[in-house]
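Single-letter residue listing:
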Amino acid sequence: MSTTLTGTPAARTARPRMLRGLTWLVLRQHRATLGSVLALVVLGSLWIVYQRAQLNDLLDAAGWPAKSVPQPVVGEGYRNLTTLLGLLPGVLAVFFGAPLIAADQEQGTARLVTTQSVTRRRWIVAKVGWCLLVALVAGSVLSAVFTWWWRPHHSVLPDIWMDTSVFDTTGPVLPAFALFLTAAGITIGVLLRRVLASMVVTFVFCVAAQVAWGMLRVHLGSPRTITYPLEAPLPARLDGAYEVDRWVADADGQLYGWGSCAEVTQKATDACIKEKGIVDNVFQYLEYDQMTAMQWTGSGILLAGTAALTAFALWWASRRPL
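Given the structure is predicted, the values throughout are model-derived calculations rather than measurements.

S.K.: I'd like a rundown of the overall build of the protein chain, residues and numbers included.
M.R.: The secondary structure content of the protein chain amounts to 10 helices and four strands. N-terminal to C-terminal, the α/β element order of the protein chain is α-α-α-α-α-α-α-α-β-β-β-α-β-α. Residue burial in the protein chain is summarised as follows: out of 322 residues, 41% are buried. The contacts in the protein chain between residues at least 6 apart in sequence include a share of 82% that link residues at least 24 apart. Accessible surface, the protein chain: about 17,900 Å² in total, of which carbon and sulfur atoms supply 63%.

Here it is, written out as structure tokens:
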């Protein structure tokens, strides 16, 4: 004898989602990009940890810091790492910031979303806010891990602290630059409304911004000056210092260009020095202990630029047809 079940099966209980509404929509829409950024951050952090462990083993075997270490202590892996870290803000700007709003405008998604219960301003704020948060987290994590590697070993690593590969990838500069360029990409996308054009213009802007930043970097700190005898060796305190300028001077303190007495022969050079009465070297420099203050000053400028660009993008997108 068979029995037939005629009762209604119990309805499955829906699992509550951690994210709801507009937040869920934004993250789902950009899940591929978010996954790529997350993978980049995780793999980059693991790479840095691995490189640091290798360097520590090498230094321990050499007896550092009690003994000097033969150079170089790092290979192509270090150079590739600093290059990729330097490219991170531009990559986020071109592939995340520029298409963020432009893609929705080009594909008509923006009109669809804003005809629902969500207001235009709320939709734009949610998208821009999450994009900038991702850029901030990615830059902060990679910068923190790389700084953890670089600072204790900076004296044996090949780049000095003012090099782009160090100054722009440690401390607050990397996340601040990531925010600034990402905000610029968003703004360019809002203005151009086309994905490919926005990405190209954002790339050009990133290159120009890097050049301008390189020119600004040296002006973030107040140079110090030291005077020492002409024939004396370079003072030990200048080890690791970044040279801003240098001159030679006479006993009265009058400055001459460093090459003022660069003659063809040593006899002519000595005669020039004697004629001008040159007795001292004058060295203008930035010191390593100024690095942190300079980085925070530069980051403040970048964050101010980020705020201005974001405010403009929100204002423009909320008042123009999508």
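S.K.: Any details on the state of the cysteines? Residues and values, ideally.
M.R.: In protein chemistry, a disulfide is the covalent bond that joins the sulfur atoms of two cysteines. Enumeration according to the criterion identifies one disulfide in this entry. Between the sulfur atoms of cysteine 261 and its disulfide mate cysteine 272 the distance is 2.1 Å. Around the S-S axis, the bridge from cysteine 261 to cysteine 272 shows a dihedral of about -65° and counts as left-handed. Residue cysteine 261 is found in the loop between strand S3 (255-257) and helix H9 (266-276), and its partner cysteine 272 is found in helix H9; the two are separated by 11 residues along the sequence. Neither cysteine 261 nor cysteine 272 differs from the other in exposure class; each is buried.

S.K.: Quick rundown of the environment of glutamine 107? Include the residues and the values.
M.R.: By the element assignment, glutamine 107 lies in helix H3 (residues 76-107). Given the relative accessible area of 59%, glutamine 107 is considered exposed.

S.K.: Tell me about the packing of aromatic side chains, and name the residues and values.
M.R.: Counted by the stated rule, this structure contains 10 aromatic pairs. Centre to centre, the rings of tyrosine 78 and phenylalanine 146 are 6.4 Å apart; their planes meet at 35°, and the pair counts as tilted. With tyrosine 78 in helix H3 and phenylalanine 146 in helix H5 (residues 120-153), this residue pair connects regions lying 68 residues apart in the sequence. Comparing tyrosine 78 with phenylalanine 146 shows no difference in burial state: the two are buried.

S.K.: Give a description of unusual backbone geometry that names residues and reports values.
M.R.: For the peptide bond that leads from tryptophan 64 to proline 65, omega is 10°, which places it in the cis range. Secondary-structure assignment places proline 65 in the loop between helix H2 (31-62) and H3. Unlike most non-glycine residues, arginine 193 shows phi in positive territory, near 65°.

S.K.: With reference to specific residues and values, describe the pairing of strand S4 (residues 278-286).
M.R.: Of all the nine residues making up S4, seven are buried; the element is thus mostly covered by neighbouring parts of the structure. As paired elements, strand S1 (residues 224-229) and S4 share six bridges and run antiparallel to each other. Within the sheet, the bridge partner assigned to threonine 227 lies in S4 and is valine 282. Relative to S4, strand S2 (residues 242-250) runs antiparallel, the two sharing eight bridges. Bridged to alanine 249 within S4 is aspartate 280.

S.K.: Provide a residue-level description of the sheet that holds S4, including the pertinent values.
M.R.: Spatially, the four strands line up as an open sheet ordered S1-S4-S2-S3, and their pairing is antiparallel. At either end of the open sheet lies a strand with only one pairing partner, and these are S1 and S3. Averaged over all adjacent pairs, the angle separating strand axes in this sheet is 35°, with direction ignored. Relative to S3, S2 runs antiparallel, the two sharing three bridges. If you follow tryptophan 247 over to S3, its bridge partner there is glycine 257.

S.K.: Residue-level account of the pattern of salt bridges, with values.
M.R.: Proximity of charged atoms lets side chains of opposite charge pair with each other. Here the structure, examined in full by the defined rule, presents six salt bridges. Note that arginine 217 is salt-bridged to aspartate 168, the shortest N-O span being 3.0 Å. Highlighted residues: arginine 217 in helix H8 (residues 195-217) and aspartate 168 in the loop between helix H6 (164-167) and helix H7 (173-192), separated in sequence by 49 residues. Residue class for aspartate 168 comes out buried when judged on its relative accessible area of 5%. The network of salt bridges with common partners includes Arg224, Arg237, Glu287 and Asp289.

S.K.: For the side chain of serine 299, give the residues involved together with the corresponding values.
M.R.: By secondary structure assignment, the location of serine 299 is in helix H10 (residues 291-319). In this structure serine 299 comes out as buried when scored by relative accessible area, which is 2%. For serine 299, the side chain forms a polar contact with the main-chain oxygen of glutamine 295, separated by 2.8 Å. Residues within four places of serine 299 in sequence aside, it is in contact with Pro172, Val173 and Ala176.

Cut-offs and rules
- For every chain, the first residue of its written sequence is number 1, and the numbers climb from 1 along that sequence.
- With pLDDT at 70 or above as the cut-off, local features in this predicted model cover only qualifying residues; side-chain atom pairs require 80 or more to be listed or tallied, and sums for whole chains, interfaces and linings still use all residues.
- Excluding hydrogens and water, the side-chain figures rest on all heavy atoms present in the structure.
- Only DSSP runs of H or I reaching four residues or more are called helices, and only runs of E reaching two or more are called strands; each is numbered from the N terminus.
- Relative accessibility decides the category of a residue: with a 1.4 Å probe and only protein chains considered, values under 20% of the type maximum give buried, values over 50% give exposed, and everything between is partly exposed.
- A contact between two residues is defined here by any heavy atoms of the two lying within 4.5 Å.
- Using a 1.4 Å probe, accessible areas were evaluated by the Shrake-Rupley method; residue-level cover was limited to the displayed protein chains.
- Note on disulfides: each one is a pair of cysteine sulfur atoms within 2.5 Å.
- Working definition: rings of Phe, Tyr and Trp (its six-membered ring) pair if their centres are within 6.5 Å, and the pair is stacked with planes under 30 degrees apart, edge-to-face with planes over 60 apart, and tilted otherwise.
- Should DSSP find at least two bridges between two strands, the strands are regarded as paired.
- Under this scheme, a helix contributes an axis fitted over its contacting stretch, all axes are lines through C-alpha atoms, and angles between N-to-C directions fall in the 0 to 180 degree range.
- In the sections that follow, a salt bridge refers to a side-chain nitrogen of Lys or Arg positioned within 4 Å of a carboxyl oxygen of Asp or Glu.
- Definition of a polar contact: a pair of N or O atoms within 3.5 Å, with one able to donate and the other able to accept a hydrogen when the atoms are protein atoms, and with sequence-neighbouring residues admitted only if both atoms are side-chain atoms.

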